[in-house]
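Single-letter residue listing:
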Amino acid sequence: MKKRIENPAKITPAYEDSGLFAKPPTELVVKLIPKFGKNSRQDVIIKGLVENGVEIDVIFAGRRKRDAAELVTLLKRKWESANYRLPKGFKAPERKDVYVPTRVQGSWRTRVVEDEQEPSLYAKEYQLLVARWAFNSEGGAFRSFGEPPFREQIVRVAES
């Protein structure tokens with residue numbers, strides 16, 4: 001088992017990113033929906049939809065989780081707006097109907113979990129650890145956050 005650093009202030013960007021982005025980065029557009037959570041490390045987890053409506057966990061971890069606050073606020077506002085003063089007889093929207101298209105760069109990882117319907121079976125969950133992301137705010141302004149994985153920054157400097 002890997003020894004954890006006792007003082008989080010001693011965690012460098014290189015150390016953090018080496019643990020988060022083990023696989024090569026990928027870039028895609030994910031429809032983030034207003035379903036939120038946190039893990040034991042207090043990372044921000046937002047559900048997202050990719051091709052064919054497949055639901056994934058999009059994780060904003062480490063030093064990047066603070067910057068995800070604006071995106072969380074935007075999703076909450078969109079959800080409240082979609083449900084505000086809904087006329088009688090109208091069906092309330094589902095969470096997947098309210099989304100923010102977000103271009104993300106990150107690294108995939110899989111997690112094996114016990115199947116809810118059949119406890120003796122296991123299922124794979126896909127998680128996308130986010131390094132950089134961009135979206136249009138409520139006012140239409142383009143917003144961009146994060147930074148490339150630290151390892152990638154070193155390669156870019158060496159290539160220049």
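In case you missed it, the structure is sitting above this.
A quick note: this is a predicted structure, and the numbers were derived from the prediction, not measured.

**Q** So what exactly am I meant to see when it comes to the overall build of the protein here?
**A** Along its length, the protein carries three helices and six strands. Secondary structure elements of the protein occur, N-terminal to C-terminal, as α-β-β-β-α-β-β-β-α. In the protein, which comprises 160 residues, the proportion classed as buried is 32%. Summarising the internal contacts of the protein: among those between residues at least 6 apart in sequence, 56% fall at separations of at least 24. Accessible surface computed for the protein: about 10900 Å², of which carbon and sulfur atoms make up 52%.

**Q** Looking at this model, I keep getting lost on the packing of aromatic side chains. Mind explaining?
**A** The description of an aromatic ring pair rests on the distance of the ring centres and on the angle between the ring planes. Applying the stated rule across the entire model yields three aromatic pairs. Taking the centre distance of 6.0 Å and the plane angle of 20 degrees together, the rings of F135 and F145 count as stacked. You can see F135 sitting in strand β5 (residues 122–136) and its partner F145 sitting in strand β6 (residues 142–146), a full ten residues away along the chain. For F145, a relative accessible area of 13% corresponds to the buried category. A connected cluster of aromatic rings, assembled from ring pairs, spans F60, W133, F135 and F145. Here the guanidinium or amino end of K76 rests over the ring plane of F36, the centre of that ring lying 5.8 Å away. Sitting above the plane of the W79 ring, R95 keeps its charged end 4.3 Å from the centroid.

Here is what the cut-offs are and how they apply
In every chain, residue numbers begin from 1 and rise along the written sequence. Only residues with pLDDT of at least 70 get local features here, since the model is predicted, and only at 80 or more are side-chain atom pairs given and counted; chain-wide, interface and lining totals rely on the full set of residues. Neither water nor hydrogens contribute to the side-chain values; these are computed over all heavy atoms in the structure. Helix and strand definitions follow DSSP, with helices as H or I runs of at least four residues and strands as E runs of at least two, each counted in order from the N terminus. In this scheme, a residue with accessible area under 20% of its type's maximum is buried, one over 50% is exposed, and one in between is partly exposed, where area comes from a 1.4 Å probe on protein chains only. Residue contacts are counted whenever heavy atoms from the two residues lie within 4.5 Å of one another. With residues, only the protein chains shown are counted as cover, and all accessible areas are computed by Shrake-Rupley using a 1.4 Å probe. Two rings from Phe, Tyr or Trp (for Trp, the six-membered ring) form a pair when their centres sit within 6.5 Å of each other. Planes less than 30 degrees apart are called stacked, planes more than 60 degrees apart edge-to-face, and all others tilted. The criterion for a charge sitting over a ring is simple: Lys NZ or Arg CZ within 6 Å of the ring centre, and within 35 degrees of the ring normal.

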